[in-house]
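Coordinate inspection notes
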Amino acid sequence: AATVAAGSSFAQTVNSPVVVGYTPDEETVELDYTDIANDVVKTVTYQPAEVEYTVVHYQQNLENDAYTEFERETKTGYTEQEVGAGLGQSYEGFYALLYDTTTKIAADGSTVVEIYYDRYYYLMTFNLDGGYGVEPIYARYGAEIGNVGTPVKAGYGFTGWAEGSIPATMPAENTTFTAQWIVGDTAKVSIVIWGE
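Scope of this entry: the structure provided in the associated data block.

1. Description of a nonpolar patch on the surface
A surface patch of nonpolar side chains, about 330 Å² in accessible area, is lined by Tyr-121, Leu-123 and Tyr-138. With respect to the helices and strands, the residue Tyr-138 is situated in strand S10 (residues 137–140). Accessibility expressed as a relative area gives 59% for Tyr-138, which makes it exposed.

Here it is in structure tokens:
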């Protein structure tokens, strides 16, 4: 603001004030008045500026229900705009939980959106073709499978799984493994013929 006597002249270039997170419609204002008779007001309009904010993705731990940071991203949006939907990522074996899509983007870039992902549970089943001794496994994605045991079928020997080796950890899908058998040495048949 400047005060000038009536009838005077005034000329000056004024930089628009900096307002964090907002952009003025005029970076500089040229003032050039002669023979000032009345009050003069110059208005500079500010619009929200594009600013950065952070999205942090947390994945559920395998051994407990806590979460560990997996990655962080820098996004851009306009000051005071809502972050909105669609910030979640697609991670194999995980699904995103709800987050506050109405969070407003701070002018100073300090906004942090945290998105949490839980592990899916999957089922591993075993088609034992008349055998027994191996139970289905229902576990979180990535859980250690360990030794499932060896199925048993009277008169047969187990030769392996048709689909190959059992994975060391739970895959990101439901799976079925089929037992393969070979006739064993113990499966002997005796034929007795009676004559008269």
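This is not the end of the story, as more comes after the structure.
2. Here's the deal with the packing of aromatic side chains
Taken as a whole and judged by the stated rule, the model has 13 aromatic pairs. Pairing Tyr-67 with Tyr-116 gives two aromatic rings, centres 5.0 Å apart and planes at 70°, and the pair type is edge-to-face. On the criterion of sequence distance, the pair formed by Tyr-67 in strand S6 (residues 67–78) and Tyr-116 in strand S8 (residues 112–119) is long-range, its members being 49 residues apart. Residue class for Tyr-67 comes out partly exposed when judged on its relative accessible area of 28%. The class for Tyr-116 is partly exposed, based on a relative accessible area of 29%. Taking the centre distance of 5.6 Å and the plane angle of 65° together, the rings of Phe-158 and Trp-181 count as edge-to-face. With Phe-158 in strand S11 (residues 156–161) and Trp-181 in strand S12 (residues 175–183), this residue pair connects regions lying 23 residues apart in the sequence. Looking at Phe-158, the relative accessible area reads 27%, which means it is partly exposed. Taken together, the ring pairs in this structure connect Phe-126, Phe-158, Trp-161, Phe-177 and Trp-181 into an aromatic cluster.

3. Focus: the sheet that holds strand S7 (residues 94–96)
The strand order across the open sheet formed by 4 strands is S6-S5-S8-S7, and the pairing between neighbours is mixed. Only two strands of the sheet have a single neighbouring strand rather than two, namely S6 and S7. Averaged over all adjacent pairs, the angle separating strand axes in this sheet is 25°, with direction ignored.

Reading the values: the criteria
Residues numbered from 1 in each chain as written. Predicted model: local features only at pLDDT ≥ 70, side-chain atom pairs only at ≥ 80, totals over all residues. Heavy atoms only, no water. Patch = residues over 30% accessible without salt bridge, like charges linked within 9 Å, V, L, I, M, F, W, Y side chains within 5 Å. Areas by Shrake-Rupley, 256 points an atom, 1.4 Å probe, with all protein chains shown as cover. Salt bridge = Lys/Arg side-chain N within 4 Å of Asp/Glu carboxyl O. Helix = DSSP H or I, 4+ residues; strand = E, 2+ residues; numbered from the N terminus. Buried < 20%, exposed > 50% of the residue type's maximum accessible area, 1.4 Å probe, protein only. Phe/Tyr/Trp six-rings, centres within 6.5 Å; stacked < 30°, edge-to-face > 60°. Pairing = 2+ DSSP bridges. Axes fitted to C-alpha atoms, helices over the stretch in contact; angles between N-to-C directions.

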